[in-house]
Amino acid sequence: MSSTQAPEELTNADASITYDAIVVGCGVIGPCVATGLARKGKKVLIIEREWTMPDRIVGELMQPGGVRALRSLGMVQSINDIEAIPVTGYTVFYNGEKVSIPYPHKGDIAPVEKLSGLVRDGNDKVTEDTTVHVKDFEDDERERGVGFVHGRFLQNLRDIVAQEPNITRLQGNVVEILKNKENEVIGAKVDIDGRGKEDFHAHITFVCDGIFSRFRKELSPEHVPKVGSSFVGMSLFDAKMPTPHHGHVILGSNHMPVLVYQISPKETRILCAYNSPKLPSDIKEWMKSEVQPIIPKSLRPSFDEALNQGKFRSMPNSFLSGRQNDVMGMCVIGDALNMRHPLTGGGMTVGLNDVVLLMKKIGDLDFSDRETVLDELLDYHYERKNYDSVINVLSIALYSLFAADSKDLKILQKGCFKYFQRGGDCVKLPVAFLSGVLPRPFLLTKVFFAVALYAVYINFEERGALGFPVALIEGISILFTAARVFAPYLYGELIG
Ligand SMILES: Cc1cc2nc3c(=O)[nH]c(=O)nc-3n(C[C@H](O)[C@H](O)[C@H](O)COP(=O)(O)OP(=O)(O)OC[C@H]3O[C@@H](n4cnc5c(N)ncnc54)[C@H](O)[C@@H]3O)c2cc1C
């Protein structure tokens, strides 16, 4: 049962009709699916167990590829009026040195596609507010990402949903995906405060129930995420950012990666990686001994203050390759379908681009023709791979390098940083992959192995002439390690 008493308009959905679509979950992806379909003329029921503003430490930095997807969907104004912080690129620290990596030029990327029926009345452009400026987002020559308080962004998405006449909102806990005798999905059973458990029917049910999805297993019992590490987070207040409007990645040969980015004029998120799903027994002590010493000087006062307050929050970092939606009457999307390491902040970007593709594939179909919809969903699985595999594989490969726990990985980590320091294409391509504007998995492979070869070269240089034989053996081992952290994931993403 939901924890708050919902207003009547959220509990009186009609259970006697067949909706075109039911959407389970109104997090990041659910509202975008529901709005897109509603604007295409479909009757949509969206079910969320808790409509009040969530307080989570996930989904707080959106890459430019995510902002572009919101534009395609006519929903980009969801980043307005929430004191969002524009992001213009990244600063990477490595053992005290740093390199600045700006986001790509708009001129190097195809223009944003405006989806018919969804984009109207300028809803693909941001409006002016206290922190988001039209001239930066619309007129600047470079792409922009954005940092925000997750719950405030979600409330904006939910407000857009509330304004769509074709959408009915329902507060309730979905407890079962309903199936007919042929094992095809026909709707959802919902536990509603004051009404009890009721069945709702639709031609298609979209499962968008997020990271801890209860219903992803409806695709297959084997569709289960792997959890290898976690993030411990804190809020820093009035932090002096080393590079304002940048995401910060703090790396070093002897510690785990730390992410820092501003999410409002006052608040900055710090996420510290811990290489196990099980958290340290004394988080404060771990923060003090492992993280505090590597925090850049300007951030130290706010970090120390947060450490004293001791308000730690944590999340598991999961990986789950996407799977074909091959069950009649159901489509699993968002984190319920596919997850990657949050190090590269790509989750919302993948999910939102999946929604864009989904609208193009099935938005104009008649959902009562379930066979045709299923055919398109089978194709959709292959079409999403180019885009999503780049972000997914990059996240895991970079995490392996940045959390380096072996000699080879430490050499690769150093090589990667030195590669960035060369500038030009050596930052232009990696940041284009990261920001979700270069969906080319084979080019990613080429760049990843160029980084590995550069790491081998740096190692040769450091070993000098006398160390040549050792460097040669190490070089082979480094390349083997690079292949091991990259190839299985790429294969899994592209072939699975
Ligand atoms: C530590 C961490 C940091 C991250 N940081 C970033 C980042 O900076 N940038 C980025 O792009 N991505 C980030 N992500 C990933 C991002 O949060 C997700 O990709 C995104 O939230 C997925 O959206 P979703 O709609 O699929 O799921 P969610 O946003 O989780 O939404 C699921 C919704 O479904 C509802 N729900 C669940 N079960 C039921 C049910 N049975 N009945 C009714 N409602 C239900 C939930 O209440 C929720 O509202 C991060 C992830 C983690 C773990």
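Residues numbered from 1 in each chain as written. Predicted model: local features only at pLDDT ≥ 70, side-chain atom pairs only at ≥ 80, totals over all residues. Heavy atoms only, no water.

Some thoughts on the packing of aromatic side chains
- Applying the stated criterion across every chain, the model contains 11 aromatic pairs.
- Seen from their ring centres, Phe148 and Phe153 are 4.3 Å apart, and the 15° between their planes marks the pair as stacked.
- Given the relative accessible area of 0%, Phe148 is considered buried.
- A relative accessible area of 0% places Phe153 in the buried class. (Phe/Tyr/Trp six-rings, centres within 6.5 Å; stacked < 30°, edge-to-face > 60°. Buried < 20%, exposed > 50% of the residue type's maximum accessible area, 1.4 Å probe, protein only.)

Some thoughts on the state of the cysteines
- The full count for this structure, using the stated rule, is 0 disulfides.
- We note that Cys416 lacks a disulfide partner, and the nearest cysteine sulfur, in Cys426, lies 10 Å from it.
- For Cys416, a relative accessible area of 3% corresponds to the buried category. (Disulfide = S-S within 2.5 Å.)

Brief notes about the UniProt feature "transmembrane region" (unreviewed entry) in the protein
- Following the UniProt record, one finds the feature "transmembrane region" (unreviewed entry) at residues 442–460 and 472–491.
- In the segment residues 442–460, helix accounts for 100% and strand for 0%; the C-alpha atoms at its two ends are 27 Å apart.
- Annotated as residues 472–491, this span is 100% helix and 0% strand, and its ends, taken at the C-alpha atoms, are 28 Å apart. (UniProt positions renumbered as here; feature names shortened; annotations may be inferred. Helix = DSSP H or I, 4+ residues; strand = E, 2+ residues; numbered from the N terminus.)

Looking at the UniProt feature "domain: Squalene epoxidase" (unreviewed entry) in the protein
- In the numbering used here, UniProt assigns the "domain: Squalene epoxidase" (unreviewed entry) feature to residues 201–472.
- The span residues 201–472 is 44% helical and 19% strand by assignment, and the distance between its end C-alpha atoms comes to 64 Å.

Observations concerning the side chain of Thr445
- Note on placement: Thr445 falls in helix α12 (residues 441–463).
- The buried category is assigned to Thr445, whose relative accessible area is 18%.
- Leave out the neighbours within four places in its chain, and Thr445 touches Phe486 and Leu490. (Contact = heavy atoms within 4.5 Å.)

Description of the domain arrangement of the protein
- Here the protein is partitioned into domain 1 (8–56 + 153–224 + 320–387), domain 2 (61–148), domain 3 (226–318) and domain 4 (404–495).
- Taken together, the 11 residues of domain 1 in the interface contact 11 residues of domain 3.
- Across the interface of domain 1 and domain 3, roughly 830 Å² is buried in total on both sides, 60% from carbon and sulfur atoms.
- By the criterion of area lost to domain 3, the three top residues of domain 1 are His341, Pro342 and Leu343, representing 45% of everything that side buries. (Domains from an automatic or database assignment. Buried area = accessible area lost by both parts, 1.4 Å probe.)

Focus: the site of the ligand
- With respect to spatial proximity, 33 residues lie near the ligand, and among them Glu48, Arg56, Leu61, Asp335 and Met348 are the closest.
- The separation between an oxygen atom of the ligand and a polar side-chain atom of Asp335 is 2.7 Å.
- Separating an oxygen atom of the ligand from a backbone N or O atom of Gly347 is a distance of 3.3 Å.
- The fraction of the free accessible surface of the ligand (1000 Å²) that becomes covered by protein chains is 94%.
- Looking at the shell around the ligand, the elements that each hand over two or more residues are β2 (44–48), β9 (173–179), β16 (313–319) and α7 (347–362).
- There are two domains that each give the shell around the ligand at least three residues, and those are domain 1 (8–56 + 153–224 + 320–387) and domain 3 (226–318). (Near = heavy atom within 4 Å. Polar contact = N/O pair within 3.5 Å; in protein donor to acceptor, adjacent residues only side chain to side chain. Areas by Shrake-Rupley, 256 points an atom, 1.4 Å probe, with all protein chains shown as cover.)

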